[in-house]
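Next come the chains, spelled out residue by residue.
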Amino acid sequence: MAHLESDFLKVSNEKGVGWIRLHRPEVLNALNRQMVADLVGLLESFDRDENIRAILLTGGPKAFAAGADIGEMAQATSVEMLHLDPFADWDRIRHISKPIVAAVSGYALGGGCELAMACDLILASESAKFGQPEINIGVMPGAGGTQRLTRAVGKARAMEMVLTGKPITAQEALQAGLVNRVIPVEKLEEEAMKLAEELASKPPVALRLAKQAVLKAAEVGLEEGLDYEQKLFYFLFSTEDQKEGMQAFSEKRRPLFRGR
Ligand code: CAA
């Protein structure tokens, strides 16, 4: 299945991993509407491709993304924003069923931080900086920054980041629970690829449902969440991969998962 590169995105596909690099380096990967639309289209096309089992999203050494494109929004009126509804595209990211690993170096600010948080795992290089600086340009986060950040790092830290606009370092993001790991800059992509390949080796249906169940925890109460988890667990007993996984364990061999 062919996946279209665009002016702002570099794409490849190897070892079950669909790999996307944000590429608009002259403006630190500022996310204009076209770039977000292309990115979301690509994520959805990876999601439909049976040969892709995990997705890796990265940027450049200086910036993962320094936010939504300010130039594009500067003169807009609220009515225009309402009609354009730019965040409708962003919102489609949460319906991607395959796991997405974000590999972040340099700036992940505003929409860049929000994009990383819309992914499932974040690996940060030692140079990464995460922040929601929208307050400094007269607005506030609009693509999930007040919601996902608060869920990830708690009210105190989120409130400070959103109200002051000050970014935090990769180490601070690790301590706060925003990222999974901090990695030396030169090793970031290799480690992120290893993680994505590891995910790609897992049983795809269980992987997809496990992702859904973890995301559900941020949305519902414990009883509803446990009920949801149990139903998905029982459902997995209708898959060949469950039979294969448990049989391979008994036979002390590696399982071969087919996504069925
Ligand atoms: N939009 C458009 N252009 C941007 C940009 C953005 N978000 N971020 C950087 N750029 C451009 C700069 O204008 C500059 O272009 P020129 O060379 O043509 O002047 C180029 O990228 C390099 O940037 P700087 O010269 O500013 O680089 P620096 O190293 O001095 O500073 C920075 C880096 C601290 C990230 C600074 O660029 C900056 O503060 N950027 C804006 C960050 C921001 O406010 N992001 C939030 C955007 S709003 C948003 O994201 C809303 C939402 O919720 C989705």
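None of these values were measured; they are calculated from a predicted model.

### Some words on the pattern of salt bridges
For the coordinates displayed, the defined rule picks out 15 salt bridges. Residue Lys-15 pairs with Glu-197 through a salt bridge whose shortest N-O separation is 3.9 Å. Here the residue Lys-15 occupies a position in the loop between β1 (9-14) and β2 (17-22), and Glu-197 occupies one in helix α9 (residues 188-200), the gap between them amounting to 182 residues. Exposure remark for Lys-15: the relative accessible area of 60% places this residue in the exposed category.

### A look at the site of the ligand
Close to the ligand lie 23 residues, the nearest being Ala-66, Ala-68, Ile-70, Gly-111 and Glu-114. One of the backbone nitrogen or oxygen atoms of Ala-66 is found 3.0 Å away from a nitrogen atom of the ligand. The backbone of Gly-111 places a nitrogen or oxygen atom 2.8 Å from an oxygen atom of the ligand. In isolation the ligand exposes 980 Å². Once the protein is present, 62% of that is buried. Among the elements of the structure, α2 (70-73), β6 (107-109) and α5 (111-118) are those that each provide at least two residues to the shell around the ligand. Here the shell around the ligand is composed, by residue class, of 14 nonpolar, 4 polar and 5 charged.

### Quick notes on α5
For α5, the buried fraction is high: 8 of the 8 residues fall into the buried class. Within the sequence span of α5, burial applies to Gly-111, Gly-112, Cys-113, Glu-114, Leu-115, Ala-116, Met-117 and Ala-118.

### Digging into the sheet that holds strand β10 (residues 181-183)
With mixed pairing, 6 strands are arranged side by side in an open sheet as β1-β2-β3-β5-β7-β10. With one partner strand each, in any of the chains shown, β1 and β10 form the two edges of the open sheet. Recorded for the sheet is a direction-independent mean angle of 20 degrees between the axes of neighbouring strands. Where helix α1 (residues 33-48) meets the sheet, it contacts β1, β2, β3 (54-58) and β5 (100-104), and its direction lies at approximately 175 degrees from that of β2.

### Overview of the side chain of Glu-244
Within the secondary structure layout, Glu-244 lies in helix α12 (residues 240-250). Note on Glu-244: relative accessible area 17%, which makes it buried. Not counting chain neighbours up to four residues away, the residues in contact with Glu-244 comprise Arg-253, Arg-254, Pro-255 and Leu-256.

### Points about a nonpolar patch on the surface
On the surface, Ile-70, Met-73, Ile-137 and Val-139 cluster together into a nonpolar patch covering about 330 Å² of accessible area. As for its position among the elements, Ile-137 is in the loop between β8 (129-131) and α6 (145-153).

### Digging into helix α7 (residues 155-164)
Counting along an α-helix, one turn takes 3.6 residues, and residues three or four places apart therefore face a common direction. By the burial criterion, the buried members of α7 are Ala-158, Met-161 and Val-162. The arc that holds the buried residues of α7, viewed along the axis, is 90 degrees, so those residues lie on one side. Relative to its buried face, α7 has exposed residues pointing more than 90 degrees away, namely Ala-156, Glu-160 and Leu-163. Each element contacted by the buried residues of α7 is listed here: β8, α6 and β9 (168-169).

### Some points on the domain arrangement of the protein chain
If you check the domain split of the protein chain, you get domain 1 (9-200) and domain 2 (204-250). Contact residues are listed per partner, giving 9 residues for domain 1 and 6 residues for domain 2. Together domain 1 and domain 2 conceal approximately 670 Å² of surface at their shared face, both sides included; 54% is due to carbon and sulfur atoms. For the interface between domain 1 and domain 2, the tally reads 1 salt bridge. A salt bridge links Asp-120 to Lys-211, with the nearest nitrogen and oxygen atoms 2.7 Å apart. Residue classes in the side of domain 1 that touches domain 2 are distributed as 4 nonpolar, 1 polar and 4 charged.

Criteria and thresholds
- Residues numbered from 1 in each chain as written.
- Predicted model: local features only at pLDDT ≥ 70, side-chain atom pairs only at ≥ 80, totals over all residues.
- Heavy atoms only, no water.
- Salt bridge = Lys/Arg side-chain N within 4 Å of Asp/Glu carboxyl O.
- Helix = DSSP H or I, 4+ residues; strand = E, 2+ residues; numbered from the N terminus.
- Buried < 20%, exposed > 50% of the residue type's maximum accessible area, 1.4 Å probe, protein only.
- Near = heavy atom within 4 Å.
- Polar contact = N/O pair within 3.5 Å; in protein donor to acceptor, adjacent residues only side chain to side chain.
- Areas by Shrake-Rupley, 256 points an atom, 1.4 Å probe, with all protein chains shown as cover.
- Nonpolar A, V, L, I, M, F, W, Y, C, P; charged D, E, K, R; others polar.
- Pairing = 2+ DSSP bridges.
- Axes fitted to C-alpha atoms, helices over the stretch in contact; angles between N-to-C directions.
- Contact = heavy atoms within 4.5 Å.
- Patch = residues over 30% accessible without salt bridge, like charges linked within 9 Å, V, L, I, M, F, W, Y side chains within 5 Å.
- Arc of directions from axis to C-beta.
- Domains from an automatic or database assignment.
- Buried area = accessible area lost by both parts, 1.4 Å probe.

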